Amino acid sequence: MSAPSVPGRGGQAGTPSVGRTAVRPGGSGASGGVSRAPRDMGRDRTVLGPVAATAVVAMVWLLLELSVQPWSRSDSLGGTDSSSLLKGLVLLACLLGLVVFTPPRTHLVIPPVFRIYLLFTVTVILSSLLLPSSLTIMIRAGRFMAGIAVLALLFPLIKDRAYTFVRIMFGVHVVLGLSVVAGLLFLPSQAWLDGRNFAQGGRLMGAVMPMMPPRVGEIGAVVLGLGILLWALRLLPLPFALTAVALGAALIMLSRTRTAPLAALTGLLLAALALRRHPGTRRILGVFLAACVAAAPFLGTISTWALRGQDTSQLERLSGRTLVWDFILSQPMTDLTRWFGHGLGEKRILLRRGEGDINYMAIDNSWLDSYWESGVVGLVLIVAAALAALLYALRTPEPGARAVAAFLCGYVLVASINESGLCDLSSMTLLLLASAQLSLCGRSHTKGLPAGDVSRGPRFSILSGRK
């Protein structure tokens, strides 16, 4: 005899409800009292409706993106004490607001990546007691910890609405990209690095919101990659996808950022592999084929764009990056700095190249930067966090969430070679944490379904967009 059905919220007593499987003790029949529990029983109640929750998540994500932006042209690395403190206060305000909106006894699920990064921040705070400028290091580590806590508290609002979370990330990057375009239109004298326009070999930068060209290229790559991926998953209409691709490609081209298109290409290939036999794979590969055919007549122009007027020596030294990397690897260190680094915020090194020739240069490599700022201990934790994010993404049962998370991980891993930031709260770290959060949402979609059944979720499917 079948077990009695349990009514869902607002449902009728005789109507079965699809959701998590609940086991009742002492039930009748051979099934031992197994019945389908209402899907809302497995979901934490929130004090906000769907529209209000979406607005809160969008506002918080926008503030998170702004908190990793320089707030002035003199703060090009986002690292002055005053700006770090103010950004930390903004994150603290977001944290308090989310605490208010989170109902009591809410079950928070912390992804492994979050746990590793929390361990990293605790290690940095404790080791800063042994280093000079410990207050500055603590402020930066505290801001990092606050950012992780904010992302963790977003989970109750997005746990069964992964598609909404992806659209918010995509929309915020579109807004940031449009702000760069607005600066180019209304403040053209401030929109080019060193005052040279594109025809003169200049690189586009943010004028409305201060952004260096690599950041502009990163925004363009994320907009372009997510636009293609969401269209391939049938989550974005073709006209919107074409507009996003045009915006992203324009930002990459005008910023002359070579790492961004390579990272986006790697992320999309990884997303296609993550989709496996999903029809979206053929769409992504079709886009690659069309792009290759369209770019074939312009190979000479693309080569000139990629060279950026540099000679062979400059290309081999990666625009001077290898000088910094060789210096870091050959620099003698004490046992303290070898194990715990020089402290967060030390993103530039002082190079002496001859008598009187002194220059501060950025490290521009996340792995060497992690070693320089946080030592061997910090580097091991950052490597563990990156690998955990990639494995967590590829093992996500929901195909759409797995593909988007894989794209974000692939982009970050390639961009980290020529950009710093994985050992601090930066735009790349946000993408890595967002990948883990999305993977967690993908797991909540399929939790409670029979083994191997990932075609539907208890509340929301990222592939169909249907509630």
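Cut-off values and rules
Residues numbered from 1 in each chain as written. Predicted model: local features only at pLDDT ≥ 70, side-chain atom pairs only at ≥ 80, totals over all residues. Heavy atoms only, no water. Helix = DSSP H or I, 4+ residues; strand = E, 2+ residues; numbered from the N terminus. Contact = heavy atoms within 4.5 Å. 1 Å grid on protein atoms, 1.4 Å probe; cavity = no way out; pocket = protein on both sides within 12 Å on 5 of 7 lines; lining within 4 Å. Points joined across faces, edges and corners; volume = space filled by probe spheres on them. pLDDT = per-residue confidence, 0-100. Phe/Tyr/Trp six-rings, centres within 6.5 Å; stacked < 30°, edge-to-face > 60°. Lys NZ or Arg CZ within 6 Å of the ring centre and 35° of its normal. Buried < 20%, exposed > 50% of the residue type's maximum accessible area, 1.4 Å probe, protein only. Polar contact = N/O pair within 3.5 Å; in protein donor to acceptor, adjacent residues only side chain to side chain. Nonpolar A, V, L, I, M, F, W, Y, C, P; charged D, E, K, R; others polar.

Right, let's get into the environment of Leu440. In this structure, Leu440 sits in helix α16 (residues 427–446). As for Leu440 and Pro397, which are separated by 43 residues in sequence, their C-alpha atoms are 9.9 Å apart. With residues near it in sequence (within four places) discarded, Leu440 still touches Val109, Pro111, Phe155 and Tyr392.

With that settled, consider the layout of surface pockets. The volume enclosed by the second largest pocket comes to roughly 1,100 Å³. What lines the second largest pocket is a set of 26 residues, and nearest its centre among them are Leu224, Ala249, Pro261, Ala295 and Ile302. Elements supplying a minimum of two residues to the lining of the second largest pocket: α6 (213–232), α7 (238–255), α8 (259–275), α9 (279–295) and α10 (299–307). The greatest single-element share of the lining of the second largest pocket, amounting to seven residues, is contributed by α9.

Overall, the predicted model of the chain reaches an average pLDDT of 82, with 81% of residues at or above 70. pLDDT under 50 marks residues 354–358. Its contacts with residues more than four places away, or in other chains, come to five contacts.

Enumeration over the complete set of coordinates arrives at five aromatic pairs. Here the aromatic cluster, defined as three or more aromatic residues joined through ring pairs, consists of Tyr117, Phe120 and Phe144. Positioned over the ring face of Trp231 is Arg283, at 4.3 Å from the centre of the ring.

Structurally, the position occupied by Ser255 is in helix α7. Residue class for Ser255 comes out buried when judged on its relative accessible area of 0%. At a separation of 2.7 Å, a polar atom in the side chain of Ser255 contacts the main-chain carbonyl oxygen of Leu251.

In this structure the tally under the stated criterion is two cavities of 30 Å³ or more. The computed volume of the second largest cavity comes to approximately 40 Å³. Phe120, Thr123, Val124, Ser127, Phe340, Ser374 and Gly378 are the residues that line the second largest cavity. Counting residues per element, the ones that place at least two in the lining of the second largest cavity are α3 (112–128) and α14 (366–394). Counting residues per element, the lining of the second largest cavity draws most heavily on α3, at four residues. Per-class residue counts for the lining of the second largest cavity are three nonpolar, four polar and no charged.

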